[in-house]
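# Summary of the model geometry
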Amino acid sequence: QVQLIESGGGKVQAGNSLRLSCTASGGTVSSIAMGWFRQAPGKEREFVAAASGSCATTVYADSVKGRFTISKNNAEKMLHLQMDSLKPEDTAVYYCAGGVTTTVELRRGVSIPAWGKGTLVTVSS
């Protein structure tokens, strides 16, 4: 069973950048899809981005497309989310998730076996 730990959250002003990282332990990540979800105060959790096992396939929510970039380093067992041009509406707790086979499955957000505890991103205007 893979365990996930996020890092890199913080407070930034709108227009700036942050890079989130997710460190995996307890299993191999090269054959599983991994990704990011977020939950803003008072809102439901939503999909942000996902990468396939080899990172050959990446998918993004429309709200972050062109601003966020997901990357995966299987040798180091790490997943990253580069967030540029941040907006106040990006404020949320960001969760790393993984353990399913495809990005389609991960995007659905259902029956994902591994979740991190989350890291808070706050974007001020």
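The notes below deal with the structure included here. Bear in mind the structure is a predicted one, so any value in this text is a computation, not a measurement. (Residues numbered from 1 in each chain as written. Predicted model: local features only at pLDDT ≥ 70, side-chain atom pairs only at ≥ 80, totals over all residues. Heavy atoms only, no water.)

### Remarks on the pattern of salt bridges
- Applying the stated rule across the entire model yields 4 salt bridges.
- Note that Asp90 and Arg38 form a salt bridge whose closest N and O atoms lie 2.9 Å from each other. Here Asp90, found in the loop between strand S8 (78-83) and strand S9 (92-100), pairs with Arg38, found in strand S4 (residues 33-39); they are 52 residues apart in sequence, far enough to count as distant.
- When its relative accessible area of 1% is taken as the criterion, Asp90 is described as buried.
- Lys65 is the partner of Asp62 in a salt bridge, and the nearest nitrogen-oxygen pair spans 3.2 Å.
- In the salt-bridge network here, residues are joined through shared partners; they are Arg38, Glu46, Arg67 and Asp90. (Salt bridge = Lys/Arg side-chain N within 4 Å of Asp/Glu carboxyl O. Helix = DSSP H or I, 4+ residues; strand = E, 2+ residues; numbered from the N terminus. Buried < 20%, exposed > 50% of the residue type's maximum accessible area, 1.4 Å probe, protein only.)

### Notes on the pairing of strand S5 (residues 46-51)
- Summarising burial for S5: 5 of the 6 residues are buried, a large majority.
- Between S4 and the antiparallel strand that follows it, S5, lie 6 residues; Gly42 among them carries a positive phi value of about 75 degrees.
- Across 3 bridges, the pairing between S5 and strand S6 (residues 58-60) is antiparallel. Among the inter-strand pairings, Ala50 is bridged to a residue of S6, identified as Val59.
- Where S5 hands over to S6, the hairpin turn is made up of 6 residues, of which Cys55 adopts a positive phi near 70 degrees. (Pairing = 2+ DSSP bridges.)

### Focus on the side chain of Thr91
- Looking at where Thr91 falls in the secondary structure, it is placed in the loop between S8 and S9.
- Within the local environment of Thr91, its side chain forms a polar contact with the backbone nitrogen of Val123, the two atoms lying 2.9 Å apart.
- Among residues more than four places away in sequence, those in contact with Thr91 are Ala40, Pro41, Val121, Thr122 and Val123. (Polar contact = N/O pair within 3.5 Å; in protein donor to acceptor, adjacent residues only side chain to side chain. Contact = heavy atoms within 4.5 Å.)

### Some details on the sheet that holds strand S7 (residues 68-73)
- Taken in spatial order, the 4 strands make up an open sheet running S1-S3-S8-S7, and their pairing is antiparallel. This sheet does not close on itself; its edge strands, each paired only once, are strand S1 (3-7) and S7. Across this sheet, the average inter-strand angle for adjacent strands is 15 degrees, counted without regard to direction.
- Bridging between strand S3 (residues 18-25) and S8 involves 6 bridges; their strand directions are antiparallel. Within S8, the position partnered with Leu18 by the bridge is Met83. (Axes fitted to C-alpha atoms, helices over the stretch in contact; angles between N-to-C directions.)

### Examining unusual backbone geometry
- A positive phi is found at Cys55, a non-glycine position, where the angle reads about 70 degrees.
- Backbone geometry at Ser85 places phi at a positive 50 degrees, although glycine is not the residue there.
- For Ser85, the position within the fold is in the loop between S8 and S9.

Keep in mind that these numbers describe shape and distance, not what the molecule does.
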